[in-house]
Each structure stands twice: as structure tokens, then as C-alpha cells.
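Analysis of the macromolecular model
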Amino acid sequence: MTDFFKDIAPVTYAGPDSTDPMAFHHYNPDEMLGGKALKDHLRFAIAYWHSFAWEGGDPFGGQTFERPWYPQDDMGRAKQKADTAFEMFRILGVPYFCFHDADVRPEGGSFAENTSRLDEMTDYFAGKMETTGTKLLWGTANMFSHRRYMSGASTNPDPDVFAFAAATVKSCMDATQKLGGENYVLWGGREGYETLINTDMGRELDHMGRFLNMVVDYKHKIGFKGTILVEPKPQEPSKHQYDYDAATCFGFLQKYGLENEVKLNLEQGHAILAGHSFEHEIATAAALGVLGSIDMNRNDYQSGWDTDQFPNNVPEVALAYYHILKAGGFDTGGTNFDAKLRRQSLDAEDLIASHIGGMDVCARGLKAAHAMLADGGLEEALEDRYAGWDTPAAKAMLNSDLGSIAARVAKDNINPTPRSGRQEILENYINRFV
Ligand code: XUL
Ligand code: CO
């Protein structure tokens, strides 16, 4: 036990009419929705990096938070940080967490020292996971903060950096496997370029493809049962990232023969940076068969940065879960709060309240999505809109050729009549549920 959260009691469900700011109003973990408990639909995870490792800095100023585990360069304080993290998981009743190696252990002087520190910390985690029941949604390697990665990890022009990155991913996959992680994530913040003037893009993509194949080979070698996930993002920190968005990632996976091995971890803020909506990215991944997991947050629409704020827009979240439910819900994936406090939110209470709000918004969105699907209004509209394709002539056309189609259009004098897309009517329909 730490005294960081002092007298903050475990958060319970108080219902929508409660005014208690430290209670859930919509997230009732055991409430059943379509034969499945809310907690099993949503599979919430807390991001270790934002809640415990990030110190409140922004590009114009450093640390604003004061935490008993700072400075984060000492193994004793790393354990104190872990004690606090597991305390928060317990208070919130969140079933999962996610971490990078660099979030949980201080940087060592060598790969060997990094690995032994990571091992020591994951042993420490294992004991805590055993007693609290908290599970690992995914593990990952931070291959973007240290200066060695400034020109990329697997895409670095220096093969020694490729080697260091490969060794690091191996150690992080081992750690994830040891803790029973359900997925392993690769986000390539530095896998891209600052300028094309000094970049051999074709070579870098080939190296990244080879690297990911090695990750998949290693997964099979160690019998890791989880899913390998790539997380798309168009830019920031790199000017351009190769894993730009879901569609770009799918093209990359296909080129390197990995489309049946690797799925996507989609993040709302990254979708916005790519000029998409979150539901666009989810629907794209679902259509391509690579929907894996989500990082839930929101961006400030005016700032143009990846501000990683906690979600608070129910209609947006509802459409995201609508597409997730339509695709059959999560398998190994879940809802990871890749979200951080604002740098003025200094208090322990802020850490808890931010997650309460995020979990409530997700629960409301999920319930709205489920109600829409149960009502079936959008599905009926879709069926009606595409009904013409159910006719034998339309089906046959897809197996025919331009010449025969042209002959049929001329012979039958086919002259299409435009029909309304009924967008406003459907938007009004959705508003009944959110
Ligand atoms: C960065 C981001 C990362 C990944 C994991 O924008 O989303 O935190 O989720 O490396
Ligand atoms: Co993320």
C-alpha cells in the first residue's frame, strides 16, 4: 500500500442520477449487454506511460507534476511507482494495463542492463498481478525516446540501431509473454523521416518489413498466443510516419506477407491527425480483416497536436463502438486509455476522476451502439440502399466484363434513377440513441 491516493475509496457504480464525482454513473462492470458484461465488452486498460511515467511536460516547459517516485532513475522508486500503479488499478477496478519497457524501469547503460532491470520489474509486476488479478492487455518497446532512435529503430540507416531495436523487442516480447500479455504492440514513432532529402524510403520500408517478419517468427518460436498489433499514426514525432493510417498499414502488411499475422491497434487521436474520424479507421480495419484493439483518447480539434485527452464525446465514441460491435467485438483487443491528464491537473484525485469520466463515456457510447444495433435501423437502411445488388443480373455482372455490361446496358436501355442517400434522416436516427 502507498499513501499516494490517501483516502480515495474504490470507485463503485452509483447510477446516472448520482452526483458523486468519484463514482461511476454509466460504467457498471457486471451489467449485462447482449449476453456479455460491460467489463468484457470494453476490456479497459490503463496506460502506464501517461499515468505514471509522464511528468507533465510539453514542448515549452518541463515537469509540472510532483510524484513520490520522481526522479525516475532508480529501481527502488520504480517499484514505488509500480505499487502506486497497482493501487490505482485496484481503486478503479480496471482489468488490464499496458506498458513500454522505458515506463517501468530506469534506462540502463547497456542492453544487458536494460534487460535485467526489465526482468526485475516484470517479476515484481507478476507478484502484483497475481494478488490483484490485474492483467496485461499489451506490452511494447519504447523505441522513440532515447537519442539512439532519433533516426528510426528498424528503419535507422545504422544497422547497429536495427540490432539494438531487435534485441529490445525480443526482450519486451519475452516480458509480455512472461506476464501473460494478450497482445504485443509496435508503434513506430520514429519509423519515418524528417526529410526525404536524406532518406532511402524503399530501403527503410524493406527493413521495417523484415523486422516485423522477425517479430512474427519470434512470436511463433516462443509460442506467444497473443496478437501482434501495429499502431498507425501519420506524424508526430516524425514529420512522416510509414504506418500513416489503417489503409497504409494494410498495404504494408500485404507487401511483406503479414496481413494474416498482424492486426492494428487504432487510436482516436491518430485517426484525427491522419484527417480521418475514429470510426473511419475502425471500419477500414474491420473491412480489411485487421481490427485488433483500440487506444481511446481524443485530440483537441483546434491545436493540431496529438493531445491525448480523455474521451468525453459520447456520439463519437458511440460510432467507434458501433463499428467494433458490428465487427463482432474485441477478441484479444481492448480499450486502452492512451490518455493523459492536462499538465495543470496536479492531484492524485485528477488521475482517478479522468479515468472515471473516460470509462463512463465509453460505457455510454457502447450502450448507445448496442441499442442502435439491436434496433437495426442503420442495417435496414444499408440493406435497402444496396438491395439492387441482390438481383441475379447485378450479381452476375461482377463476374462479367465491360463489353458484356455495355451490351446489356444498350439492349435493356439501362438508365439509372438517382436515390436519396438519406444522410440527415440517418443522422437524426442516431441522435435518438446518443
Ligand atoms: C503515441 C502512442 C503510443 C503507443 C504505444 O502517440 O500512441 O503511446 O500507443 O507506443
Ligand atoms: Co497509442
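Now for a description of the structure that goes with this document.

Cut-offs applied
Residues numbered from 1 in each chain as written. Chains lettered and ligands numbered in written order. Predicted model: local features only at pLDDT ≥ 70, side-chain atom pairs only at ≥ 80, totals over all residues. Heavy atoms only, no water. Donors = N, O, S within 2.8 Å, 3.2 Å for Na, K, Ca; no water. Tetrahedral: all angles 85-135°; square planar, octahedral: opposite > 155°, others 65-115°. Helix = DSSP H or I, 4+ residues; strand = E, 2+ residues; numbered from the N terminus. Buried < 20%, exposed > 50% of the residue type's maximum accessible area, 1.4 Å probe, protein only. Near = heavy atom within 4 Å. Polar contact = N/O pair within 3.5 Å; in protein donor to acceptor, adjacent residues only side chain to side chain. Nonpolar A, V, L, I, M, F, W, Y, C, P; charged D, E, K, R; others polar. Pairing = 2+ DSSP bridges. Axes fitted to C-alpha atoms, helices over the stretch in contact; angles between N-to-C directions. Patch = residues over 30% accessible without salt bridge, like charges linked within 9 Å, V, L, I, M, F, W, Y side chains within 5 Å. Areas by Shrake-Rupley, 256 points an atom, 1.4 Å probe, with all protein chains shown as cover. Salt bridge = Lys/Arg side-chain N within 4 Å of Asp/Glu carboxyl O. Parallel < 35°, antiparallel > 145°, perpendicular 65-115°, else oblique. Left-handed = near helix turned anticlockwise from the far one by under 90°. Contact = heavy atoms within 4.5 Å. Disulfide = S-S within 2.5 Å.

Let us look at the coordination of the cobalt ion (ligand 2). Surrounding the cobalt ion (ligand 2) are the protein donor atoms Glu231 (OE), Glu267 (OE), Asp295 (OD) and Asp338 (OD), which sit 2.0 to 2.1 Å from the metal. One can describe the site at the cobalt ion (ligand 2) as octahedral: its 6 donor atoms subtend angles covering 82 to 172° at the metal. Expressed as a motif, the donor residue spacing for the cobalt ion (ligand 2) is E-x35-E-x27-D-x42-D. In this pair, Glu231 sits in the loop between strand E8 (227-230) and strand E9 (240-241) while Asp295 sits in strand E11 (residues 291-295), placing the two residues 64 residues apart along the sequence. The same class applies to Glu231 and to Asp295, which are both buried.

Turning to the site of ligand 1, a few remarks are in order. Trp49, His100, Trp138, Phe144, Trp187, Glu231, Lys233, Glu267, His270, Asp295, Asp306 and Asp338 make up every residue found near ligand 1. For ligand 1, an oxygen atom lies 2.9 Å from a polar atom in the side chain of Asp295. The residue makeup of the shell around ligand 1, split by class, is 4 nonpolar, 2 polar and 6 charged.

So, on to the sheet that holds E11. Spatially, 8 strands are ordered E3-E4-E5-E6-E8-E10-E11-E12 in a closed barrel, and the strand pairing comes out parallel. Going from strand to strand, the sheet's axes swing by 30° on average, the running direction of each strand aside. Examined bridge by bridge, strand E6 (residues 183-186) and E8 share 4 bridges and lie parallel to one another. Considered in E8, the bridge of Tyr184 is made with Ile228.

Together, Leu382, Tyr386, Trp389 and Leu398 line one region of the surface with nonpolar side chains, adding up to about 440 Å² of accessible area. Tracing the chain through its elements places Trp389 in the loop between helix H13 (377-385) and helix H14 (392-397).

At their nearest, the axes of H13 and helix H16 (residues 423-431) sit 10 Å apart, and the two run at 160° to each other. In terms of their interaxial angle, H13 and H16 are classed as roughly antiparallel. For H13 against H16, the interelement crossing comes out left-handed. Where H13 abuts H16, its residues Gly377, Leu378 and Ala381 lie against Leu426, Tyr429 and Ile430.

The subject of this paragraph is helix H15 (residues 402-411). Taking the backbone nitrogen of Gly403 as reference, a side-chain oxygen 3.0 Å away marks Asp401 as the first, capping residue of H15. Backbone geometry just downstream of H15 places Asn413 in the positive-phi region, at approximately 50°.

The next subject is the packing of helix H3 (residues 75-92) against helix H5 (residues 111-132). H5 packs onto H3 with a crossing angle of 25° between their chain directions and a minimal axis gap of 11 Å. On the basis of the axis angle, H3 is roughly parallel to H5. Between H3 and H5 lies a crossing whose hand is right-handed. Residue-level contacts link Met75, Ala78, Lys79, Ala82, Asp83 and Phe86 of H3 to Arg117, Glu120, Met121, Tyr124, Phe125, Lys128, Met129 and Thr132 of H5. Split into classes, the residues belonging to the contact of H3 with H5 amount to 8 nonpolar, 1 polar and 5 charged.

The subject of this paragraph is the state of the cysteines. The full count for this structure, using the stated rule, is 0 disulfides. Among the cysteines around Cys172, which has no disulfide bond, Cys98 carries the closest sulfur, lying 13 Å off.

Keep in mind that these numbers describe shape and distance, not what the molecule does.
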